[in-house]
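Structural features, examined
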Amino acid sequence: LYEHPQGSTTVMPCPVESHTNADGCAALFGGKGDGEQCPQITCPKALGVTMKLVCMGGCCPTCWAPDHVVGLDRHKALENPAVVDPAPQAPTTCSGVRCFEPICAEGQVKGHVEGDCCYSCVPGR
């Protein structure tokens, strides 16, 4: 659960140790002062429940509520011939993901990026 700086409602970046991609967050925040790095959001009420600001691997907090409170259609029953298995190199946290076969532009090839669940298009070698 995200906690605002003491005495403030300014939304600040999530702790660095919680970032999935710390280098990406550093690039996003580059040159921005406190209070300018993240969107200044407040969480809405959904079905009478106020969502919570949480840090879940991203650079900035996002609004969240458990699925049993605010249901989300995850399309688990979706039958789609374009769905493929996750990359064999995918982290164990990718269990249950639904990946699609990438269609790569010229100069790009199907490849795996460390930390990703699914294959994506990467520069050709």
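Below: a short report on this structure. (Residues numbered from 1 in each chain as written. Predicted model: local features only at pLDDT ≥ 70, side-chain atom pairs only at ≥ 80, totals over all residues. Heavy atoms only, no water.)

**Description of the overall build of the protein chain**
Within the protein chain, the secondary structure is distributed over one helix and eight strands. Sequence-ordered secondary structure for the protein chain, helices as α and strands as β, is α-β-β-β-β-β-β-β-β. Within the span of the protein chain, comprising 125 residues, buried residues form 22% of the whole. Surface summary for the protein chain: the accessible area is close to 9,000 Å², and the carbon and sulfur share equals 55%. (Helix = DSSP H or I, 4+ residues; strand = E, 2+ residues; numbered from the N terminus. Buried < 20%, exposed > 50% of the residue type's maximum accessible area, 1.4 Å probe, protein only. Areas by Shrake-Rupley, 256 points an atom, 1.4 Å probe, with all protein chains shown as cover.)

**Points about the state of the cysteines**
Following the criterion strictly, the structure yields seven disulfides and no others. Each disulfide pairs two cysteine sulfurs, and for C14 the partner residue is C55, the sulfurs being separated by 2.2 Å. Negative torsions about the S-S bond denote left-handed disulfides, and the value of about -90° found for C14 with C55 makes this one left-handed. On the criterion of sequence distance, the pair formed by C14 in the segment before α1 (22–29) and C55 in the loop between β3 (52–54) and β4 (62–64) is long-range, its members being 41 residues apart. Accessibility expressed as a relative area gives 3% for C14, which makes it buried. For C55, a relative accessible area of 24% gives the class partly exposed. (Disulfide = S-S within 2.5 Å.)

**Structural notes on the side chain of H19**
Note that H19 resides in the segment before α1. At 2.9 Å, the side chain of H19 and the backbone oxygen of C14 are in polar contact. (Polar contact = N/O pair within 3.5 Å; in protein donor to acceptor, adjacent residues only side chain to side chain.)

**Let's talk about the packing of aromatic side chains**
Any pair of aromatic rings gets described here by the distance separating the centres and the angle formed by the planes. What the rule picks out here adds up to zero aromatic pairs. Sitting over the face of the ring of Y119, K110 holds its NZ or CZ atom 4.6 Å from the ring centroid. (Phe/Tyr/Trp six-rings, centres within 6.5 Å; stacked < 30°, edge-to-face > 60°. Lys NZ or Arg CZ within 6 Å of the ring centre and 35° of its normal.)

**Structural notes on the environment of Q37**
Following the sequence through the fold, Q37 ends up in the loop between α1 and β1 (45–46). As a C-alpha pair, Q37 and V11 span 26 residues in sequence and 8.6 Å in three-dimensional space. Beyond its immediate chain neighbours, meaning those up to four positions away, Q37 contacts M12, P13, F29, K32 and C60. (Contact = heavy atoms within 4.5 Å.)

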